[in-house]
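Listed below, chain by chain, are the residues.
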Amino acid sequence: MILLFLPALILAAAVTVFLLQKMSYEKTDYYTQTKNSYISMRLDKGRLGEFYTYKYLKPLKGHKRYLFNLYLPKDNGETTEVDVILLHESGIYVFESKNYSGWIFGTESQQYWTQTLQAGKGSSQKNRFFNPIIQNKVHLKWLQNFLVDKTLPFYSYIVFSERCTLKDIKLTSGTHHVIKRYDILDAVRQNAGKAGVRLSKEKIDALYQKLYPLTQADNAKKMAHIQNIKNKQQEAGTGRETAGARRAGRRNF
């Protein structure tokens, strides 16, 4: 008799777990700011990567505020989208999230990096994607331009999924960090320890109030941003080369 009820019990347990996870998610800063539903977050690799970046940073001590999906204005009327920003007493952390799998190869100066995926029977598939360090340099440029304060300390982090392997990443400037998501908390803690307190609580809150409106872009602005990216890809002739990488994780410029 118990066996007859087992599928129903399993289903009920699964539903309960789902509802509890959904309720917990809807209490997070990420949900409050983005309004992305729990289902849409779980099914979208880009959003999932952003949420996990936030989730792994939550235990960080000190006064802090988070910002997600900022559409920063550029001089030509276009925008550049930043995945995650952490305003912390040690400074401003700008994160580019890459929720990719496979092997990742690249150098700081190359325009494109390579993702290699196993395709079965000893073969592999290679996809090119735009250098995320260059991508984050653009974010930093327009963020600094928007805030108009050269005294602010900025830190650049490229965060990859734990499902990938960073095979051959060559960094030269010492100003950018390329890490896997599991290491993000330790990396930021270490940097914060070295930097010390650089921003007061009042400064962090003021920066948050200035930047928060940029996270609330309407659909028209978002669509225009996406169209600008498509136009640039067509002009550069990179649409076919980066299609696989775009399927593996969302790209933001």
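Cut-off values and rules
Residues numbered from 1 in each chain as written. Predicted model: local features only at pLDDT ≥ 70, side-chain atom pairs only at ≥ 80, totals over all residues. Heavy atoms only, no water. Pairing = 2+ DSSP bridges. Helix = DSSP H or I, 4+ residues; strand = E, 2+ residues; numbered from the N terminus. Axes fitted to C-alpha atoms, helices over the stretch in contact; angles between N-to-C directions. Salt bridge = Lys/Arg side-chain N within 4 Å of Asp/Glu carboxyl O. Buried < 20%, exposed > 50% of the residue type's maximum accessible area, 1.4 Å probe, protein only. Arc of directions from axis to C-beta. Contact = heavy atoms within 4.5 Å. Expected span 1.5 Å × (residues − 1). Polar contact = N/O pair within 3.5 Å; in protein donor to acceptor, adjacent residues only side chain to side chain. pLDDT = per-residue confidence, 0-100. Patch = residues over 30% accessible without salt bridge, like charges linked within 9 Å, V, L, I, M, F, W, Y side chains within 5 Å. Areas by Shrake-Rupley, 256 points an atom, 1.4 Å probe, with all protein chains shown as cover.

**So, the sheet that holds strand β8 (residues 164-170)**
- One open sheet holds the four strands; their spatial order is β6-β5-β4-β8, and the pairing between them is mixed. Looking along the sheet, the strands with just one partner apiece sit at the ends: β6 (123-130) and β8. Taken pair by pair, the neighbouring strands of this sheet meet at an average axis angle of 20°, ignoring direction.
- Direction of pairing for strand β5 (residues 112-120) relative to β6: antiparallel, over a ladder of eight bridges. Note on β6: the bridge partner recorded for Trp-113 is Phe-129.

**Quick notes on the pattern of salt bridges**
- Following the criterion strictly, the structure yields seven salt bridges and no others.
- Taking the shortest distance from any N to any O, the salt bridge between Lys-22 and Glu-26 comes out at 2.8 Å.
- With a shortest N-O distance of 3.1 Å, Asp-205 and Arg-65 are connected by a salt bridge. Note that Asp-205 is positioned in helix α7 (residues 201-211) and Arg-65 in strand β1 (residues 64-73), a separation of 140 residues in sequence.
- Overall, the relative accessible area of 26% leaves Arg-65 in the partly exposed class.

**Side note on α7**
- When α7 is considered as a whole, its buried residues turn out to be Ile-204, Leu-207, Tyr-208 and Leu-211. For α7, the arc enclosing every buried residue in end-on projection is 100°, short of the 170-degree limit, so these residues lie on one face. The exposed residues of α7 that point more than 90 degrees off its buried face are Glu-202 and Gln-209.
- Those residues of α7 hidden inside the fold are in contact with α2 (29-34), β1, β2 (79-88), β3 (91-98) and α5 (132-147).

**Concerning the environment of Thr-114**
- Turning to its location among the elements, Thr-114 is positioned in strand β5.
- When the C-alpha atoms of Thr-114 and Lys-126 are compared, they prove to be 6.5 Å apart, with twelve residues separating the residues in sequence.
- The residues touching Thr-114, leaving out its near neighbours within four places in the chain, are Trp-103, Ile-104, Phe-105, Lys-126, Asn-127 and Phe-129.

**Examining helix α4 (residues 45-57)**
- Between its first and last C-alpha, α4 extends 18 Å over 13 residues, near the 18 Å set by a 1.5 Å rise per residue.
- Residues of α4 that are buried include every one of Gly-46, Leu-48, Gly-49, Glu-50, Phe-51, Tyr-52, Thr-53, Tyr-54 and Leu-57, and no others.
- For α4, the N-terminal cap is Asp-44; the gap from its side-chain oxygen to the backbone nitrogen of Gly-46 is 2.9 Å.

**Observations regarding unusual backbone geometry**
- Unusually for a residue other than glycine, Lys-35 sits at a positive phi of about 65°.
- Locating Lys-35 in the fold gives a position in the loop between α2 and α3 (38-43).
- Since its relative accessible area comes to 53%, Lys-35 is described here as exposed.
- Within the chain, Asn-69 stands out as a residue other than glycine whose phi angle is a positive 55°.
- Relative to the elements of secondary structure, Asn-69 occurs in strand β1.

**A few points about the confidence of the model for the chain**
- Summary statistics for the chain give a mean pLDDT of 89 and a share of 91% for residues scoring 70 or more.
- Across the chain, element-level confidence peaks in α7 with a mean pLDDT of 98 and bottoms out in helix α9 (residues 243-248) with 46.
- Note that pLDDT drops below 50 for residues 239-253; the model gives that stretch 52 contacts with residues more than four away or on any other chain.

**Things to note about a nonpolar patch on the surface**
- Taken together, Leu-11, Val-15 and Leu-19 make up a surface patch of nonpolar side chains, about 260 Å² in accessible area.
- Tracing the backbone shows Leu-19 in helix α1 (residues 2-25).

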